[in-house]
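# Structural overview for review
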Number of protein chains: 2
Amino acid sequence: MPKLDVVIDMGNPFLNLTVDAFFKIGSVAATRAAAEDAYHVLRKGTISSHNFEHTLKKMCKEGAYWGTVAGVYVGMEYGVERIRGTRDWKNAMIGGALTGALVSAASSNNRDKIAIDAITGGAVATAAEFLNYLT
Amino acid sequence: MPKLDVVIDMGNPFLNLTVDAFFKIGSVAATRAAAEDAYHVLRKGTISSHNFEHTLKKMCKEGAYWGTVAGVYVGMEYGVERIRGTRDWKNAMIGGALTGALVSAASSNNRDKIAIDAITGGAVATAAEFLNYLT
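Residues numbered from 1 in each chain as written. Chains lettered and ligands numbered in written order. Predicted model: local features only at pLDDT ≥ 70, side-chain atom pairs only at ≥ 80, totals over all residues. Heavy atoms only, no water.

Per an unreviewed UniProt entry, chain A goes by the name Outer envelope pore protein 16, chloroplastic and belongs to Momordica charantia. Regarding chain A, the UniProt comment filed under Subcellular location (unreviewed entry) reads as follows: "Membrane". (UniProt positions renumbered as here; feature names shortened; annotations may be inferred.)

Written out as structure tokens, the structure reads:
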């Protein structure tokens with residue numbers, strides 16, 4: 001998990017929030033990957049050590065990926081809050097858009113895809129914030 | 001918006017929450033669809049009334065779809081809270097899984113897809129709930 005080390009080395013004030021987000025959302029993503037594979041194993045009725053190794057690798061990969069996305073998002077939202085000086089749903093929208101653009105830019109060179117991912121990231125974060133106020 | 005009318009006709013106690021979720025998340029989804037199309041128009045540099053009509057239709061469709069998903073989720077989470085008698089992240093997980101299964105079952109007959117969508121719905125709702133506690 002080199003990305004976690006980078007965050008720790010930075011020693012910035014967002015440290016605790018970002019690391020927390022990484023582990024919490026990372027473990028949710030890893031559990032989801034495990035549950036999905038367990039479902040396929042149950043359906044097929046066979047299990048092999050190869051399957052298990054594959055699941056474990058997928059859990060690490062998905063956990064690290066979504067954990068990183070969540071860490072970036074929490075850091076961005078916190079940063080936006082500091083810069084704007086207020087807490088409202090617009091922070092989620094801006095933070096989500098920045099996260100979507102950053103994560104997309106890290107994995108792709110397609111400028112159109114990056115812009116659409118930024119729009120989608122902002123929409124998902126805004127929707128999660130609204131649901132949050134409701135429940 | 002026939003789905004909204006159905007909810008109102010039911011006159012159930014989840015009414016306000018569900019309608020609220022429908023409109024809030026529906027408008028986020030419609031805005032996202034509009035922003036995505038606006039980006040494509042800006043990139044291409046041309047705009048026609050056909051484009052505008054298409055965007056409006058897409059906004060209504062995506063808004064109604066995601067609004068319905070959000071309404072079902074809020075209703076499910078509220079129902080799970082009443083049945084379990086407590087409020088914690090497990091409500092989000094169960095509500096998300098039920099919503100994923102229901103929405104997937106409404107649009108597909110593939111049992112594998114429904115199960116995977118239930119797992120994914122639960123994971124997304126759990127992740128949103130965790131982010132919520134962090135920020």
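The discussion continues.
## With respect to the packing of helix 3 (residues 49-84) of chain B against helix 4 (residues 89-107) of chain B
Residues and elements named next belong to chain B. Running from amino to carboxyl end, helix 3 crosses helix 4 at an angle of 135 degrees, the nearest separation of the two axes being 8 Å. One element, helix 3, and the other, helix 4, form an angle in the oblique class. Relative to helix 4, helix 3 is oriented so that their crossing is right-handed. On helix 4, the residues that touch Tyr65, Val69, Val72, Tyr73, Met76, Glu77, Val80, Glu81 and Arg84 of helix 3 are Lys90, Asn91, Ala92, Ile94, Gly95, Gly96, Leu98, Thr99, Leu102 and Val103. Grouping the amino acids of the contact of helix 3 with helix 4 by side-chain chemistry returns 11 nonpolar, 4 polar and 4 charged. (Axes fitted to C-alpha atoms, helices over the stretch in contact; angles between N-to-C directions. Helix = DSSP H or I, 4+ residues; strand = E, 2+ residues; numbered from the N terminus. Parallel < 35°, antiparallel > 145°, perpendicular 65-115°, else oblique. Left-handed = near helix turned anticlockwise from the far one by under 90°. Contact = heavy atoms within 4.5 Å. Nonpolar A, V, L, I, M, F, W, Y, C, P; charged D, E, K, R; others polar.)

## Focus on the interface of chain B and chain A
Counting residues at the interface gives 31 residues for chain B, matched by 32 residues for chain A. Approximately 2,900 Å² of surface area, both sides summed, lies buried where chain B meets chain A, with 74% of it carried by carbon and sulfur atoms. Here chain B and chain A share 2 salt bridges between them. Of the charged contacts, one joins Asp112(B) and Arg43(A) as a salt bridge, the two residues approaching to 2.7 Å between their closest N and O atoms. Across the contact surface, chain B and chain A share 6 residue pairs in polar contact (both at pLDDT 80 or more). Only helix 2 (15-44), helix 3 and helix 5 (111-134) of chain B provide two or more residues apiece to the side of chain B that touches chain A. The leading source of residues in the side of chain B that touches chain A is helix 5 of chain B, at 14 residues. Its residues assigned to classes, the side of chain B that touches chain A comprises 17 nonpolar, 5 polar and 9 charged. (Buried area = accessible area lost by both parts, 1.4 Å probe. Salt bridge = Lys/Arg side-chain N within 4 Å of Asp/Glu carboxyl O. Polar contact = N/O pair within 3.5 Å; in protein donor to acceptor, adjacent residues only side chain to side chain.)

## Some remarks on the relation of the copies chain B and chain A
By a simple turn and slide, chain B fits onto chain A: the slide is 0.0 Å along the axis, the RMSD is 0.0 Å, and the turn is 180 degrees. Read as a symmetry element, the transformation amounts to a two-fold axis. Residue Ala128(B), judged by its C-alpha, is the member of chain B lying nearest the rotation axis, at 3.1 Å. When the interface residues of chain B are mapped onto chain A, 100% of them again lie at the interface, so the same face is used by both copies. (Least-squares fit on C-alpha atoms with pLDDT ≥ 70 in both.)

## Examining helix 3 (residues 49-84) of chain A
Residue and element names in this part refer to chain A. Under the 1.5 Å per step criterion, the end-to-end length of helix 3 is 52 Å for 36 residues, consistent within 8% with the ideal 52 Å. Of the residues making up helix 3, those classed as buried are Thr55, Gly63, Gly67, Val69, Ala70, Gly71, Tyr73, Val74, Gly75, Glu77, Gly79 and Val80. Where helix 3 terminates, the next one or two residues include Gly85, which has phi positive at roughly 80 degrees. (Expected span 1.5 Å × (residues − 1). Buried < 20%, exposed > 50% of the residue type's maximum accessible area, 1.4 Å probe, protein only.)

## Topic: the pattern of salt bridges
Residues and elements named next belong to chain A. Counting across every chain of the model gives 18 salt bridges over all chains. Ionic pairing is found between Arg87 and Glu81, a salt bridge with its closest N-O pair at 3.3 Å. Of the residues examined, Arg87 reaches a relative accessible area of 53% and is grouped as exposed. On the accessibility criterion, Glu81 (23% relative accessible area) is partly exposed. Asp88 is the partner of Arg84 in a salt bridge, and the nearest nitrogen-oxygen pair spans 3.0 Å. Among the residues examined, Arg84 registers a relative accessible area of 33% and is labelled partly exposed. When salt bridges with common partners are traced through the structure, they connect Arg32, Glu36 and Glu62 into a single cluster.

## Notes on the side chain of Ser104(A)
All names here are of chain A. Locating Ser104 in the fold gives a position in helix 4 (residues 89-107). Given the relative accessible area of 3%, Ser104 is considered buried. With sequence-adjacent residues up to four places away left out, Ser104 is seen in contact with Lys113, Ile114 and Asp117.

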